[in-house]
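# Coordinate analysis (summary)
If you want the building blocks of each chain, they are given just below.
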Amino acid sequence: VATVKTSMPINMIVLPELELRYFIDEKEVAKIVATGRKNGIIEPLLVRPILDSDKYEVVAGAKRYRASQI
């Protein structure tokens, strides 16, 4: 499996239909938003392509993804 760093529009990324985290604390997301506004999102999201689609599914970084939407 190859790892490739790239940039893509946020509208190409979706959360998995069956998300493993049932609850994500909005306070944690708010902290990421504040830090992101100051420093940017330093740790990238890990995504994988969805078969027969132009979308990518979040594998790691659901809180960062939610923060990036804010």
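Residues take numbers from 1 onward in each chain, read along the sequence in its written order. Whole-chain, interface and lining totals are the exception, using all residues; otherwise, since this is a predicted model, local features are given only for residues with pLDDT of at least 70 and side-chain atom pairs are given and counted only at 80 or more. Only hydrogens and water are removed before side-chain values are computed, so all heavy atoms of the structure are retained for them.

Take the overall build of the protein chain next. Strands here mean DSSP runs of E at least two residues long; helices mean DSSP runs of H or I at least four residues long; both are numbered from the N terminus. Along its length, the protein chain carries 2 helices and 3 strands. When the helices and strands of the protein chain are read in sequence order from the N terminus, they spell out β-α-β-β-α. Overall, the C-alpha framework of the protein chain stretches about 35 × 25 × 20 Å when taken along its three principal axes. Type-normalised accessible area, obtained with a 1.4 Å probe on protein chains alone, sets the label of each residue: buried when under 20%, exposed when over 50%, and partly exposed for intermediate values. With 70 residues in all, the protein chain has 17% of them scored as buried. By the convention used here, residues are in contact when the closest approach between their heavy atoms is within 4.5 Å. A separation of at least 24 residues holds for 64% of the contacts in the protein chain among residues at least 6 apart in sequence.

Think of it this way: side chains of opposite charge can pair up when their charged atoms draw near. Only one rule defines a salt bridge in this text: a Lys or Arg side-chain nitrogen within 4 Å of an Asp or Glu carboxyl oxygen. Counted under the stated rule, the structure contains 2 salt bridges. Between Lys 63 and Glu 28 there is a salt bridge whose closest N-O contact spans 2.6 Å. Taken together, the residues Lys 63 in helix α2 (residues 62-69) and Glu 28 in helix α1 (residues 26-39) connect sequence positions 35 residues apart. For Arg 48, the salt bridge identified is with Glu 57, shortest N-O distance 2.9 Å. With relative accessibility at 16%, the residue Glu 57 sits in the buried group.

Now for the layout of surface pockets. Where empty space is left becomes clear once a probe the size of a water molecule has been rolled over the atoms. Of the volumes computed, that of the largest pocket is approximately 700 Å³. Those elements that provide at least two residues to the lining of the largest pocket are β2 (46-49), β3 (56-60) and α2. At 4 residues, the largest contribution of residues to the lining of the largest pocket is made by β2. Considered class by class, the residues forming the lining of the largest pocket number 14 nonpolar, 4 polar and 4 charged. A cavity here means a set of points on a 1 Å grid, drawn over the protein atoms and nothing else, where a 1.4 Å probe fits but cannot get out; a pocket is an open set with protein on both sides within 12 Å along at least five of seven lines, and a residue lines either one if it has an atom within 4 Å of a point. Grid points are joined across faces, edges and corners, and a volume is the space filled by probe spheres set on the points. Classification used: nonpolar for Ala, Val, Leu, Ile, Met, Phe, Trp, Tyr, Cys and Pro, charged for Asp, Glu, Lys and Arg, polar for all others including Gly.

We now examine the nonpolar core. By convention a nonpolar core is built from buried Ala, Val, Leu, Ile, Met, Phe, Trp, Tyr and Cys residues, the set being connected through side-chain atoms within 4.5 Å. In this structure, Ile 24, Val 29, Val 33, Ala 62 and Ala 67 together form the largest nonpolar core, which totals 5 residues. Looking at this core, the elements that each hand over two or more residues are α1 and α2. Discounting chain neighbours no more than four positions away, the residues touching Val 29 are Ile 24, Lys 63, Arg 66, Ala 67 and Ile 70.

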